[in-house]
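Read off the chains here:
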Amino acid sequence: MNARQRIPTPAELGCGPAEVRRKYAAERDKRLRTRGNDQYVEVAGDFACYEADPHVAPGFTRAPLTETLDVLILGGGFGGMLAAARLAEAGVHDVRIIEKAGDFGGTWYWNRYPGAQCDIESYVYLPLLDETGYVPREKYAFQP
Ligand SMILES: Cc1cc2nc3c(=O)[nH]c(=O)nc-3n(C[C@H](O)[C@H](O)[C@H](O)COP(=O)(O)OP(=O)(O)OC[C@H]3O[C@@H](n4cnc5c(N)ncnc54)[C@H](O)[C@@H]3O)c2cc1C
């Protein structure tokens, strides 16, 4: 191990594990809310327009389905799609995803403002990269 590889001591860094833990605890405390669901703004009144999907033709609707399934997944965001993919891997194929928007994608379907991008490194954030062999072009992938 040469000098460049040596890990600095806490004294050399001017902070150690205790300081890092204290900082993490302080930042966590800033995020804690005591108001539970009351902290959220109801999507109603002046905000009711945000309930509508702006990416489909006005009046967009789907015909109702009546069917018996093994698994019903509500929401076609990353969570729902990943659950469906893992179910398929496990041999469960009688699955339907119900999505109220015009298409799949969840957060990434709804949010299309200029410059929208993920804020965790895309190599870590994007699901199924290993399985699909896709390598994101950007460290913080853009919405499209
Ligand atoms: C700009 C932006 C950047 C982000 N970057 C990151 C990041 O870098 N890292 C990170 O970890 N997270 C990030 N997030 C958070 C992001 O929301 C989550 O990472 C992830 O997309 C959540 O997936 P999800 O499937 O749980 O929820 P969603 O993507 O919100 O999907 C839920 C879906 O359920 C549908 N739905 C809701 N209710 C119903 C219903 N009653 N019936 C039918 N369908 C319904 C919704 O229409 C939606 O499509 C970011 C969010 C935004 C907006």
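Here's a quick rundown of the structure. Note that the structure is predicted; figures quoted are calculated from it, not measured. (Residues numbered from 1 in each chain as written. Predicted model: local features only at pLDDT ≥ 70, side-chain atom pairs only at ≥ 80, totals over all residues. Heavy atoms only, no water.)

A few words now on the packing of aromatic side chains. What characterises a pair of aromatic rings is the spacing of the ring centres plus the angle enclosed by the ring planes. Taken as a whole and assessed by the stated rule, the structure comprises 3 aromatic pairs. Judged by centre distance (5.4 Å) and plane angle (45 degrees), the ring pair of F78 and Y125 falls under tilted. Residue F78 is located in helix α3 (residues 78-89), and its partner Y125 is located in helix α5 (residues 122-125); the two are separated by 47 residues in the primary sequence. We classify F78 as partly exposed; its relative accessible area is 25%. Residue class for Y125 comes out partly exposed when judged on its relative accessible area of 28%. With a centroid separation of 6.0 Å and 65 degrees between ring planes, the pair formed by W108 and Y125 is classed as edge-to-face. (Phe/Tyr/Trp six-rings, centres within 6.5 Å; stacked < 30°, edge-to-face > 60°. Helix = DSSP H or I, 4+ residues; strand = E, 2+ residues; numbered from the N terminus. Buried < 20%, exposed > 50% of the residue type's maximum accessible area, 1.4 Å probe, protein only.)

Tallied over the full model, the rule gives 10 salt bridges. With a shortest N-O distance of 2.9 Å, R86 and E89 are connected by a salt bridge. Linking R86 with E89, this pair stays in helix α3, spanning 3 residues, or about one helical turn. Relative accessible area serves as the criterion here: at 53%, E89 is assigned to the exposed category. Between R86 and E131 there is a salt bridge whose closest N-O contact spans 2.9 Å. Here R86 is found in helix α3, whereas its partner E131 is found in helix α6 (residues 129-132), with 45 residues between them in sequence. It is possible to trace a salt-bridge network through shared partners that takes in K23, E27 and K30. (Salt bridge = Lys/Arg side-chain N within 4 Å of Asp/Glu carboxyl O.)

Considered as a void within the structure, the largest pocket measures approximately 410 Å³ in volume. Residue classes in the lining of the largest pocket are distributed as 14 nonpolar, 2 polar and 2 charged. Considering only enclosed or pocket space, the second largest pocket measures out at about 330 Å³ in volume. Lining the second largest pocket are 14 residues, with R62, L65, R96, I97 and I98 positioned closest to its centre. The element best represented in the lining of the second largest pocket is strand β2 (residues 95-98), accounting for 3 residues. Class assignment for the residues of the lining of the second largest pocket results in 8 nonpolar, 1 polar and 5 charged. (1 Å grid on protein atoms, 1.4 Å probe; cavity = no way out; pocket = protein on both sides within 12 Å on 5 of 7 lines; lining within 4 Å. Points joined across faces, edges and corners; volume = space filled by probe spheres on them. Nonpolar A, V, L, I, M, F, W, Y, C, P; charged D, E, K, R; others polar.)

Around the ligand there are 19 residues in total, and E99, T107, D119, I120 and Y125 lie nearest to it. Take G79: an N or O atom from its main chain is 2.7 Å from an oxygen atom of the ligand. One of the backbone nitrogen or oxygen atoms of K100 is found 3.2 Å away from a nitrogen atom of the ligand. The fraction of the free accessible surface of the ligand (980 Å²) that becomes covered by protein chains is 63%. Of all the secondary-structure elements, those providing two or more residues to the shell around the ligand are α3 and α4 (107-110). Taken together, the residues of the shell around the ligand sort by class into 8 nonpolar, 8 polar and 3 charged. (Near = heavy atom within 4 Å. Polar contact = N/O pair within 3.5 Å; in protein donor to acceptor, adjacent residues only side chain to side chain. Areas by Shrake-Rupley, 256 points an atom, 1.4 Å probe, with all protein chains shown as cover.)

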